[in-house]
Amino acid sequence: MSKQKAPRRVADNEALAVGTTIRGSAQKLNLVAALIRGKKAEEALNILAFSKRAMARDASKVLASAIANAENNHNLDVDSLVIAEASVGKSVTMKRFHTRGRGKSTRILKPFSRLRIVVREQEEA
């Protein structure tokens with residue numbers, strides 16, 4: 001017997017992609033995700049391409065992956081894709097120590113974030 005397929009986490013007209021370890025804080029990544037929420041996929045890629053924020057490059061990769069998943073895995077029309085969801089959360093945090101004066105040290109936290117993008121095929125009204 002073959003193993004059963006897991007149920008889809010999104011609807012039939014949706015596709016998703018997740019970036020699990022994006023270097024930087026969730027607060028900064030959320031500012032970039034807010035730029036593209038609810039926009040058409042092509043417009044969102046242009047916004048991210050010309051954004052000054054460094055996190056936009058990583059968000060653009062996740063969005064491109066979601067679009068590719070929609071086209072190749074779920075046979076959705078790329079021209080009618082809209083970003084239905086762009087949610088941000090915390091991932092792991094690297095802990096480092098920095099030596100300071102008088103024999104002391106302080107803790108340096110290097111956070112990672114996760115980005116989940118869901119694209120939905122929407123009929124033109």
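In this text the structure is predicted, and so the values were computed from the model without any measurement.

Enquirer: Would you mind going over the nonpolar core with me for this structure?
Expert: Across soluble globular proteins, you tend to see nonpolar side chains buried next to one another. One finds Leu48, Leu63, Leu81, Leu115, Ile117 and Val119 to be the most contacted residues of the largest nonpolar core, which totals 25 residues. Looking at this core, the elements with two or more residues in it are β1 (14–23), α1 (26–36), α2 (41–49), α3 (55–72), β2 (81–99) and β3 (105–121). The element contributing the most residues to this core is α3, with 8 residues. Every residue in contact with leucine 115, bar those within four places of it in the chain, is listed here: Ala17, Val18, Gly19, Ile22, Leu29, Ala33, Ala59, Val62, Ser87 and Val88.

Enquirer: I would appreciate a short explanation of the packing of α1 against α3 in the present structure.
Expert: A pair of packed helices is captured by two measures, namely the crossing angle of their axes and the spacing between those axes. Interhelical geometry of α1 versus α3 gives an angle of 60° and a closest axis separation of 10 Å. One finds that α1 runs oblique with respect to α3. The handedness of the crossing between α1 and α3 comes out as right-handed. Counting all contacts with α1, which are made through Lys28, Leu29 and Val32, the residues of α3 involved are Met55, Ala56 and Ala59. Its residues assigned to classes, the contact of α1 with α3 comprises 5 nonpolar, no polar and 1 charged.

Here is what the cut-offs are and how they apply
- Residues numbered from 1 in each chain as written.
- Predicted model: local features only at pLDDT ≥ 70, side-chain atom pairs only at ≥ 80, totals over all residues.
- Heavy atoms only, no water.
- Core = buried A, V, L, I, M, F, W, Y, C linked by side-chain atoms within 4.5 Å.
- Buried < 20%, exposed > 50% of the residue type's maximum accessible area, 1.4 Å probe, protein only.
- Helix = DSSP H or I, 4+ residues; strand = E, 2+ residues; numbered from the N terminus.
- Contact = heavy atoms within 4.5 Å.
- Axes fitted to C-alpha atoms, helices over the stretch in contact; angles between N-to-C directions.
- Parallel < 35°, antiparallel > 145°, perpendicular 65-115°, else oblique.
- Left-handed = near helix turned anticlockwise from the far one by under 90°.
- Nonpolar A, V, L, I, M, F, W, Y, C, P; charged D, E, K, R; others polar.

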